[in-house]
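In case you want the letters, here they are:
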Amino acid sequence: MNWELLADEVIKGKMLVENEALSILQCSDDDLLLLLHGAFTIRKHYYGKKVKLNMIMNTKSGLCPENCGYCSQSIVSKAPIEKFSMLDRESILKGAEKAHRLKVGTYCIVASGRGPSNKEIDHVSSAVSEIKDKFGLKICACLGILKPEQAKRLKEAGVDRYNHNLNTSKEHHPSITTTHTYENRINTIQAVKESGISPCSGVIIGMGESLYDVINMAFSLRELDADSIPVNFLHAIDGTPLEGTDDLNPMYCLKVLALFRFINPTKEIRISGGREVNLRTLQPLGLYAANSIFIGDYLTTPGQEGTADHKMLEDLGFEIDFDFEKAPI
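Now for a description of the structure that goes with this document.

### Here's the deal with the packing of aromatic side chains
All chains considered together, the criterion is met by four aromatic pairs. Measuring from ring centre to ring centre gives 6.4 Å for Trp3 and Phe262, while their planes differ by 65°; the resulting arrangement is edge-to-face. Residue Trp3 is found in helix H1 (residues 3–11), and its partner Phe262 is found in helix H10 (residues 250–263); the two are separated by 259 residues along the sequence. Judged on exposure class, the residue Trp3 and its partner Phe262 are both buried.

### What about the side chain of Arg43?
Here Arg43 shows up in helix H3 (residues 32–47). Asp321 is the oppositely charged side chain nearest to the buried, salt-bridge-free Arg43, at an N-O distance of 8.5 Å. Among the polar contacts made by the side chain of Arg43, one reaches the main-chain carbonyl oxygen of Gly48 at a distance of 2.8 Å. Once residues within four sequence positions are removed from consideration, Arg43 is found in contact with Gly48, Lys49, Lys50, Val51, Arg261, Leu287, Tyr288, Ala289, Ala290, Asn291 and Phe318.

### Regarding unusual backbone geometry
Phi at Asn167 is positive, roughly 75°, even though this residue is not glycine. Its relative accessible area of 6% is what places Asn167 among the buried residues. In this structure, Arg280 is a non-glycine residue whose phi angle is positive, near 50°. Locating Arg280 in the fold gives a position in the loop between helix H11 (275–278) and helix H12 (283–286). Using a relative accessible area of 43% as the deciding quantity, one classes Arg280 as partly exposed.

### Section: the pairing of strand S1 (residues 50–60)
Buried residues dominate S1, accounting for ten of its eleven residues. When S1 meets strand S10 (residues 319–320), the two strands line up parallel, connected through two bridges. Its bridge partner lying in S10, Lys50 is registered against Glu319. Relative to strand S9 (residues 292–294), S1 runs parallel, the two being bridged by three bridges. The residue bridging Asn54 from the neighbouring strand is Phe294, located in S9. Where S1 meets strand S2 (residues 106–111), six bridges bridge the pair, whose relative direction is parallel. Bridging from a neighbouring strand, Lys60 pairs with Ala111 of S2. Crossover connection from S1 via helix H4 (residues 89–101) to parallel S2: handedness right-handed.

### Structural notes on the nonpolar core
Grouped together as the largest cluster of nonpolar side chains are 88 residues, with contacts concentrated most on Tyr107 and Phe260. Per element, the largest residue contribution to this core is ten residues, and it comes from H10. Ignoring sequence-local partners within four residues, the contact set of Tyr107 consists of Met55, Met57, Ile92, Gly95, Ala96, Ala99, Ile131, Leu137, Lys138, Ile139 and Cys140. The next biggest cluster of nonpolar side chains, apart from the first, holds eight residues, and it includes Ile176, Ile204, Met207 and Leu242.

How each quantity is defined
Residues numbered from 1 in each chain as written. Predicted model: local features only at pLDDT ≥ 70, side-chain atom pairs only at ≥ 80, totals over all residues. Heavy atoms only, no water. Phe/Tyr/Trp six-rings, centres within 6.5 Å; stacked < 30°, edge-to-face > 60°. Helix = DSSP H or I, 4+ residues; strand = E, 2+ residues; numbered from the N terminus. Buried < 20%, exposed > 50% of the residue type's maximum accessible area, 1.4 Å probe, protein only. Lys, Arg positive; Asp, Glu negative; His and termini not counted. Salt bridge = Lys/Arg side-chain N within 4 Å of Asp/Glu carboxyl O. Polar contact = N/O pair within 3.5 Å; in protein donor to acceptor, adjacent residues only side chain to side chain. Contact = heavy atoms within 4.5 Å. Pairing = 2+ DSSP bridges. Right-handed = clockwise from strand over helix to strand, strands pointing away. Core = buried A, V, L, I, M, F, W, Y, C linked by side-chain atoms within 4.5 Å.

In structure tokens:
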């Protein structure tokens, strides 16, 4: 396959067919740099050499009634994690101050649970208004399954983006969780879009899915028209049903990132959870396909130091996309 030629066709509007997508995931390791060059051709066309930075604030941990097999916060997890109810507004604001200092453009307010109560919506909305006034950050909320009226209230408060991942394919979904359906997730994304909030939805790779499942995820997110697509790589946590799962290697992870770029050429592709343990020393190469990363820690697993991420971008010759209203302190 001539990856550069395929990239040029994608830029001109071509949509990949299944066998082309499969050829990306089955690309020879010897040809991986050629594949990444093709992905970078698309990435550079739409985003240049800019990288968007995102940071998670875990505002409510554990206490979740869902049985998602990958999650240390689920009801079936035996992982020894810290559990706490919704943080106070001052703590959320302190996290926003740190994000601003690290030149983060999007601050992600995340809470565990099936979905937020109206009281939690009020609490988040109040914090969002103050964060906007003080720091000008873009705000992404990730609070679980939303009702349409809750989505509208978050929009009115100033939430720019809402994250609700598909996580896996429709076919593989029942193998990962049974307490909610794939359709529940689709409906939340649709409610977010209808409210005028930018939809963010992504996947977790490495949960026993097939290559065709991965391809279906990428095409499903294209059909949903998600503006931002976080690509997580499973960091299997002891005490969860997926404990001990270790199906990934750095080269395959890079092929997955290339696949998502070829299928969703104009979208923000974000290297997310598990990048440090799965991409390992090849982390920098991921940014030839992706144009966004999370910095700092994730929900219950540690990430790379923010200053190390800044150094990685500097060494690559990339620049931070200052996509927010007020300059960092």
